[in-house]
Amino acid sequence: MDAAAIFERLQARFGDAVVTFDSGGEPAVRVNPSAIFQVCEYLKTDPALGFDCLSNQSGVDYPKRNDIEVVYHLYSYRVRHACVLKVSVARDNPTMPSVWRVWKTAIWQEREIFDLLGVVFEGHPDLRRILLPEDWVGHPLRKDFVEPTEYHGISTKRESML
Amino acid sequence: MSLLNTMPEFTVTTKIDEMLNWTRKSSLWYMLFGLACCAIEMMQTGGPRSDLDRFGAVPRATPRQSDLMIIAGTLTLKMALRTKVLYDQMPDPKYVISMGSCSNCGGLFQLAYSVCDGVDKVIPVDVYVPGCPPRPESLTEGLLKLQEKMMQEKWLVRRGEDESVAAQA
Amino acid sequence: MSLGGYDVEVQRPGGLATEEMTLNMGPQHPSTHGVLRFIVKADGEVMREAIPDVGYLHRSIEKIAEKVGYHGFMPYTDRVDYVAAMPCNQGWGMVCEKLAGIEVPRRAEYCRVIAVELNRIASHLLSVGSMGMDIGAYTPFTHALREREYINDLLEELCGARLTFNYMRIGGVAWDLPPDWVPKAVAFLDRFEPLIDEYNALISYNKIYVERLANVAVISAAEAIDYNLVGPNLRGSGVKYDVRKDMPYSVYPEFEFDVPIGTGEVGTVGDCFDRYIVRIREMNQSCRILRQALAGVPEGPVLTKVPRKFKPPVGDAYIRLESARGDMGWYCVSDGSEYPYRVKIRTGSFTATSIIDKVSRGVMLADLIAIVASFDLVAPEIDR
């Protein structure tokens, strides 16, 4: 199934308030953050869709639009087709439901997004920093992140030798 | 020594300092401390073609048994604190070779927010080996340079006494 | 009780309290494949939990992409997965080409395939060798490195570097195949292919090896997909899926090759041995692809003209390719400027590490190393 057909199925199930079609760039389905869990569950359990794998989950920060976009790249090993979901959350209070109950791989991928972009996934079993140290301040993949000048007494700038 | 009795012509004259240094430099045990890309080259250096074993350098798994730490790869801030702990665990005298641009000065990753630009901010370094990553030949050269440096050391110095005083005596 | 394939009798003498012990393994540990830390909760020799703590090699490669521009990011992609840098080069090339709609010349595609497959063999050799070292045999490691050196020589002649190649460019490859290089590569294959049988004779079916690996950390196909395992780890669980076959890219549809999967020949489907043997068989398949590719390199240019100030149109692109560690995803968002707006690299090691917590429950402490080695983890690929 291609992106448009998948969107039509989702539209028939959830209605226009929840899902919209996004054709800028790669065709994607834009999902209302509060409904992401239900949409994902449907995508996985519906026999014709059968998205059994969340192959990539990433976040993009858009300070101009004042939102953070979480992008889901799904793949179905059974039906052999792919689909893209996009969810926008407010930048100053980025909270959305976790989908780890649908795909276990989301546990780590959501932890990474939390670590690097600061999106809080509600219902996540273990939302800690994953890549950066526990005592790190800030979320580096946000566009307004300012690099700290020192970390535990180690300065992060290299003085020129010349 | 019995060796000299069986071979009367065989005598070696040397300074004790030099003999000590020679024995020490010929059994430099390095700690397996592969951090990033350079670790693969370090493995290849210890591997069959470059064979670092020729110079008496063999890998050890623990800092407690090592004389030499080869920092092979990018040192991140998260790892930097651990590196200091590991260095402190090595028994004296201990040496550090900084292998590759990342551990020399941050290299390509100077732009990064999470990388410590140079291992010398955390621990003292004896030999810097440039390259990204250095070839096995470069690392071998670095080890030979370290051995040269070790040969210069003086050991028969009383604690607290200046080296130059000992040289005059 | 049966724990991870072992029949273990946990002795609890009456009245004597035993308690769980928390051990720290790594980040500096001789066999953790780079800096990777585990917090192990053990009840005697039996592990209750092994929680991976990653990020000791987080080099902020994705953030750097936003500062250095499209062409400038190519050397950094080498460092995403230094054991198999060519597929990463190709991934970045492919995602940029998809963004801007650039056609790659056929000769360049052949050069890419040849370089990637050689690199895949080199990567699998390191994986096989270090697997031997991790479970206690040093000799296979030297054997594997010996052959790896020859591949490094070939790749060095091709692009000037042994490990971090920076060979590919957006729109092709940087250099054409050197003169007389193809016969050398064929000669290497002639020498190398019989050696795979030698590895099998020396280690693969060695009794100790099989005992250490068979039936350890069995992952079912459904579980592997749920945790998003990819590449040899997924195929070890019996899922016949290879991006080169199922979502073909580059010139792979022109070559004949098989996709080896784990069959549970000495144990259960999806155990450590299956993941290991899939890699050995993939080396055979890579040799097959290489022979076909080397025999049919077409004439022509190797690089399309791409402007120095590369500005792809606004939009996003996601591509998948088969790296040595499996399905690698590259997601790039462009805002129309000279710099990528966001780059995300989806790597096989990251998701493979996330399943360790699950499969390590109830196995022996010494098997943790076998599990880690069977996933063929590369630390910077986890952390990026």
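Scroll up to find the structure.
Definitions and limits used
Residues numbered from 1 in each chain as written. Chains lettered and ligands numbered in written order. Predicted model: local features only at pLDDT ≥ 70, side-chain atom pairs only at ≥ 80, totals over all residues. Heavy atoms only, no water. Phe/Tyr/Trp six-rings, centres within 6.5 Å; stacked < 30°, edge-to-face > 60°. Buried < 20%, exposed > 50% of the residue type's maximum accessible area, 1.4 Å probe, protein only. Helix = DSSP H or I, 4+ residues; strand = E, 2+ residues; numbered from the N terminus. Contact = heavy atoms within 4.5 Å. Buried area = accessible area lost by both parts, 1.4 Å probe. Salt bridge = Lys/Arg side-chain N within 4 Å of Asp/Glu carboxyl O.

Enquirer: How would you sum up the packing of aromatic side chains? Please name residues and give values.
Expert: All names here are of chain C. Tallied over the full model, the rule gives 23 aromatic pairs over all chains. The interplanar angle of 15° and the centroid separation of 6.2 Å between the aromatic rings of F73 and Y76 together place this pair among those described as stacked. Summarising the burial analysis for this pair, F73 and Y76 share the class buried. Taking the centre distance of 5.2 Å and the plane angle of 65° together, the rings of Y209 and Y276 count as edge-to-face. On the criterion of sequence distance, the pair formed by Y209 in helix α7 (residues 207–213) and Y276 in helix α11 (residues 272–295) is long-range, its members being 67 residues apart.

Enquirer: Could you give me a rundown of the interface of chain B and chain C, with the residues and numbers involved?
Expert: Contacts between chain B and chain C engage 34 residues on the former and 38 residues on the latter. Across the interface of chain B and chain C, roughly 3200 Å² is buried in total on both sides, 62% from carbon and sulfur atoms. Contact with chain C buries surface across chain B, with Q44(B), R49(B) and L111(B) losing the most and accounting together for 19% of the total. At the boundary of chain B and chain C, one finds 5 salt bridges. One salt bridge connects D153(C) with R49(B), and the closest N-O pair in it is separated by 2.9 Å. At the level of secondary structure, the elements contributing two or more residues to the side of chain B that touches chain C comprise α3 (37–46) and α4 (77–89) of chain B.

Enquirer: Talk me through helix α13 (residues 367–375) of chain C; I want residue IDs and the actual numbers.
Expert: Residues and elements named next belong to chain C. Across the 9 residues that make up α13, a large majority, 9, are buried. Residues of α13 that are buried include every one of D367, L368, I369, A370, I371, V372, A373, S374 and F375, and no others. Looking one or two places after α13, you find D376, whose phi comes out positive at around 55°.

Enquirer: Talk me through the pattern of salt bridges; I want residue IDs and the actual numbers.
Expert: Across all of its chains, the model carries 62 salt bridges over all chains by this definition. One salt bridge in this structure joins K78(B) and D53(C), with 3.6 Å as the shortest N-O distance. Placement of K78(B) in helix α4 and of D53(C) in strand β5 (residues 46–53) is noted, with the two residues assigned to different chains. Put simply, E223(C) and K358(C) hold a salt bridge, and the shortest N to O gap is 2.6 Å. Here K358(C) lies in helix α12 (residues 348–359) and E223(C) lies in helix α8 (residues 221–226), a separation of 135 residues in the sequence. Look at E223(C) and you get partly exposed, because its relative accessible area is 21%.

Structural measurements only, silent on function.
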